[in-house]
Amino acid sequence: TTPAAQTLIQSTPDLLTSDKAVDNVTTGGSGDTAAPGDELEYTIILRNTGKMTAHSATMYDFLPNDVEIVGGSLNASDGSVGYTDYNRRISWNGEVSPLTPVTVTYRVLIDEPLDDLTQIINDATIGDGIHSIFDTDPVVTTIHSAPDLNTSTKVVDSGTAAPDDQLRYTIT
């Protein structure tokens, strides 16, 4: 007898087109720049361009220094998402079907004060349960801060003075 013909079909998920973005909620603009105290929103989009569902997909995102998570802001369009305080890590796991992206969002507040030109750099680590894990391209927010002396005042202890009088100025 002739053996039956066999066809090997190779099908795997492909999450390599997943990415991360940041927006400045405070200004309503891009998250490329911000000021101390601004609120940023991070968005991770898990995209599967493969031919098979990623059944054991994972995403990890460690909060960068100089930010704190906004309570209640963590959301995912599908799967299970959570935050652990002790290691400042956002974790997501679930399925990513081909052509059906999963979106994970969260918000952070930028610490105050923060030096001018400080960079807040953040990426996410993604796995599909089959291939090696990978990091998204990092998103970078540059902080622009400067002292605000507009409310400063100067007061002198005398309304009039003669030569050689000593005056005391107080600046607040």
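### A word on the pairing of strand β9 (residues 89–96)
As defined by bridge partners, strand β5 (residues 54–62) adjoins β9 across seven bridges and the pair is classed as antiparallel. Counterpart to Ala54 in the pairing with β9 is Val96. In this structure, the hairpin formed by strand β8 (residues 80–84) and β9 is closed by a connection of four residues, where Arg88 is found at a positive phi of approximately 55°.

### A short note on a nonpolar patch on the surface
A surface patch of nonpolar side chains, amounting to about 250 Å² of accessible area, comprises Val156, Leu167 and Tyr169. Counting through the fold element by element, Val156 comes out in strand β15 (residues 154–156).

### Observations regarding the sheet that holds strand β3 (residues 33–34)
The strand order across the open sheet built from three strands is β3-β14-β11, with neighbouring strands paired in mixed fashion. What marks the edges here is a single partner per strand, and that holds for β3 and β11 (119–122). As paired elements, β11 and strand β14 (residues 139–143) share four bridges and run antiparallel to each other. Residue pairing across strands places Ile121 opposite Val140, the latter belonging to β14.

### Side note on the pairing of strand β1 (residues 19–24)
On a regular strand, each side chain points to the face opposite its neighbour's, so the side chains alternate between the two faces of the sheet. Residues of β1 alternate between two faces, with Lys20, Val22 and Asn24 buried on one and Asp19, Ala21 and Asp23 left unburied on the opposite face. Judged from the six bridges that link them, β1 and strand β4 (residues 39–46) form a sheet pairing that is antiparallel. Among the inter-strand pairings, Val22 is bridged to a residue of β4, identified as Tyr42.

### Observations concerning unusual backbone geometry
Residue Glu112 is joined to Pro113 through a cis peptide bond whose omega torsion reads -10°. As for its position among the elements, Pro113 is in the loop between β10 (102–110) and β11. One non-glycine residue with positive phi stands out, namely Asp66, at about 75°. Relative to the helices and strands, Asp66 resides in the loop between β5 and β6 (67–69). The exposure class assigned to Asp66 is partly exposed, which follows from its relative accessible area of 26%. In this model, Asp164 sits at a positive phi of 75°, which is unusual for a non-glycine residue. Within the secondary structure, Asp164 sits in the loop between β15 and β16 (169–171). Assessed through its relative accessible area of 81%, Asp164 is described here as exposed.

Conventions adopted
Residues numbered from 1 in each chain as written. Predicted model: local features only at pLDDT ≥ 70, side-chain atom pairs only at ≥ 80, totals over all residues. Heavy atoms only, no water. Pairing = 2+ DSSP bridges. Helix = DSSP H or I, 4+ residues; strand = E, 2+ residues; numbered from the N terminus. Patch = residues over 30% accessible without salt bridge, like charges linked within 9 Å, V, L, I, M, F, W, Y side chains within 5 Å. Areas by Shrake-Rupley, 256 points an atom, 1.4 Å probe, with all protein chains shown as cover. Salt bridge = Lys/Arg side-chain N within 4 Å of Asp/Glu carboxyl O. Buried < 20%, exposed > 50% of the residue type's maximum accessible area, 1.4 Å probe, protein only.

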